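# Structure assessment
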Amino acid sequence: MAMNLTNQAIRRAAVAVMPPWQRQLAASFYTSGTQATKKQDKHVEVNHSRVRGIDILRNPRLNKGTAFNLKERQLMGIQGLVPPVVRSMDEQVVRVMTNFYKRPTDLDRYIYLMALQDRNEHLFYHVLTEHVEEMMPIVYTPTVGQACQEYGVIFRRPRGLFISIKDAGHIYDILCNWPERNVKAIVVTDGERILGLGDLGVYGMGIPVGKLSLYTALGGINPAKCLPICLDVGTNNEKLHKDPLYIGWAHKRITGARYDAFIDEFMQAVVKRYGQNCLIQFEDFGNHNAFRFLEKYRSKYCTFNDDIQGTASVATAGVIAAMRITGRKLADNTFVFQGAGEASIGIAELLALAMQDEGLGKEEAYSKLWMVDSRGLLVKNRPSGGISSHKLPFAKDFKPLTSLEEIVDAIKPTALIGAAAVPGAFTEKVIRSMASFNDRPIIFALSNPTSMSECTAEQAYTLTDGRCVFASGSPFPPCTIGGKTYYPGQGNNAYIFPGVALGVLTCGVRHIDDRVFLYAAKALANLVTQEHLAEGRVYPPLSQIREVSAAIATEVAENVYRDGMASAYPEPANKAAYIQSFVYNTEYESFEPATWDWPEN
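Criteria and cut-off values
Residues numbered from 1 in each chain as written. Predicted model: local features only at pLDDT ≥ 70, side-chain atom pairs only at ≥ 80, totals over all residues. Heavy atoms only, no water. Buried < 20%, exposed > 50% of the residue type's maximum accessible area, 1.4 Å probe, protein only. Helix = DSSP H or I, 4+ residues; strand = E, 2+ residues; numbered from the N terminus. Pairing = 2+ DSSP bridges. Right-handed = clockwise from strand over helix to strand, strands pointing away. Expected span 1.5 Å × (residues − 1). Contact = heavy atoms within 4.5 Å. Axes fitted to C-alpha atoms, helices over the stretch in contact; angles between N-to-C directions. Parallel < 35°, antiparallel > 145°, perpendicular 65-115°, else oblique. Left-handed = near helix turned anticlockwise from the far one by under 90°. Nonpolar A, V, L, I, M, F, W, Y, C, P; charged D, E, K, R; others polar. Polar contact = N/O pair within 3.5 Å; in protein donor to acceptor, adjacent residues only side chain to side chain.

Side chains Ile442 and Phe444 project from strand β12 (residues 442-445) onto one buried face, and the interleaved Ile443 and Ala445 project onto a second face that is buried too. Both strand β11 (residues 415-418) and β12 contribute to a ladder of four bridges, which runs parallel. Looking at β12, one finds that alanine 415 is bridged to isoleucine 442. Crossover connection from β11 via helix α20 (residues 428-436) to parallel β12: handedness right-handed. Two elements, β12 and strand β13 (residues 469-472), share four bridges in a ladder whose sense is parallel. Within β13, the position partnered with isoleucine 442 by the bridge is valine 469. Read from β12 through helix α21 (residues 457-463) to β13, the crossover connection turns out right-handed.

This is the structure in structure tokens:
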């Protein structure tokens, strides 16, 4: 109760400084699943829904299960449709967690939680926020990867929109089929590069669904404002063509002008339906499309690519925090990247931007960043084949080398970052070499899921005698070396994208500059305490991630207003209170008549 009163007080303080139109916008966030109408200029009457009876229980945004009290059951025509006992949300959580622990595998737990989301949305998000560390590996990486691979088997009911390239010319009409008219955030994939698992076609829908669950659980963005979308343009995965349970178009991927026109139509349809400020997050597109779509759309739409920019931000945050362990400046480091795809390029470019913030010239900053792709070290005088445009800025005048082991010995980097989904790429020789010329080598094995990690936390700590600064993309258990226990940092994008999205949406940012992700990285690094660093962490514990998202959103808000990127006016004096006023409340709403009392002008 105390927490609710605190949130209410914060909301009232934020609303007090808003003009009337912004108050009305806030009201739409406060009244999820409701209709808000102005009354006597200072009251908004909450009319929850005209839905009654069994349809209440079938609507996950309205259903409370056994938490409906007697008066609500009588008013809404559901008395007798649920067992007579009345349970609080806390009591319901006990039942959920009991069922959760009884499930034999992580995939079974994933299926159970998705079923809970389908029938009781408030309870689902309440469980996620109360048990973040246990739930995140289930609803997102690494379990979501397995869920995507088996999507045809575990498919129960559709969630989000599936838009086929055969629907070209009618995308706006399909968007209009979605029941919510005020969507603020979309996560979209075409399934070509799902995590490190490759082309999964429509089975990749698990990623947008999982991402948007974290938008709400971690960023507090109203789930009614979120829409997962899968664009079905076929798949080049022959196994899926032969899979009788495949739920997509069993056809080779469409490419070229037809594909580009389809994406263009999709972007235009989103703006026509939901407005210019609707956030569109691109997720798990192939490298060849991800970079060009980011460049093509970033100045026309409110969009970002999480694989490029979100990964860059969380990795940069970890590196910045690691500097407090190594005692170096960013500019004093040499970085080698195992991989030259979306993630590695994004991290390198944001690190270069961070080094320029320290006063380094652009050319000198890029000289500190070395890339290794499938053909070896990225050099200008490669004996065969060219270099794609997005890799070109990182090509060096250096002898061609193919083995990561010899590359590490030749370059002698202070930091080794893996993001190419090559399992075991950080061999014993590579890790021992890093330890031989660094007192505190930085080793980030960021590939997802766990099966694709470049090395394990135990390998990194053991082979460096506990001296390395380690982070991974998937979770690893604590590791004890020489009597000291280390807690590996998980460089999960979930530290970044919910907070960035919350800041962007509440401040009305129409085009998302790379500097937004640098603001987020610095904010995240600043939340790492000396106690965390002493434990080996370069990120705060996942249990604090909801507070982290709020802090990142506030930092983003401070900077986008300062840099002239925000369009929501007037500028709120208290950014933290303003951000908090939009945060989704996981507690149940009352179905008894109620009014919202707006503050006096």
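This brings us to helix α6 (residues 106-119). Between its first and last C-alpha, α6 extends 20 Å over 14 residues, near the 20 Å set by a 1.5 Å rise per residue. The buried fraction of α6 is high, at 10 of 14 residues. When α6 is considered as a whole, its buried residues turn out to be Leu107, Arg109, Tyr110, Ile111, Tyr112, Leu113, Met114, Leu116, Gln117 and Asp118. On its buried face, α6 sits against α5 (89-102), α7 (121-130), α8 (132-139), α9 (143-149), α10 (151-154) and α12 (206-219).

The next point concerns the sheet that holds strand β9 (residues 369-373). Judged by pairing direction, the sheet is mixed, and its seven strands sit side by side in the order β10-β9-β8-β11-β12-β13-β16 without closing on themselves. The open sheet has two edge strands, β10 (376-377) and β16 (489-490), and neither has a second partner. Taken together, the two bridges between β9 and β10 define a ladder with antiparallel strand orientation. Of the residues in β10, the one forming a bridge with aspartate 373 is glycine 376. Against the sheet, helix α19 (residues 404-411) makes contact with β8 (335-338), β9, β10 and β11, and its axis sits at roughly 170 degrees relative to β8, the strand it touches most.

The next thing to look at is the packing of helix α23 (residues 514-526) against helix α25 (residues 545-562). It is the contact of α23 with α25, at a shortest axis distance of 9 Å, that shows an interaxial angle of 135 degrees. The orientation of α23 with respect to α25, classified from their angle, is oblique. Read as a crossing pair, α23 and α25 show a hand that is right-handed. In this structure, α23 contributes Val516, Tyr519, Ala520, Ala523 and Leu524 to the contact, and α25 contributes Val548, Ile552, Glu555, Val556, Asn559, Val560 and Arg562. In terms of residue class, the contact of α23 with α25 is built from nine nonpolar, one polar and two charged.

What follows deals with helix α16 (residues 306-326). The terminal C-alpha atoms of α16, which comprises 21 residues, lie 28 Å apart, in line with the 30 Å expected from a rise of 1.5 Å per residue. Across the 21 residues that make up α16, a large majority, 17, are buried. The backbone nitrogen of aspartate 307 has a side-chain oxygen 2.9 Å away, supplied by the residue at the start of α16, namely asparagine 305.

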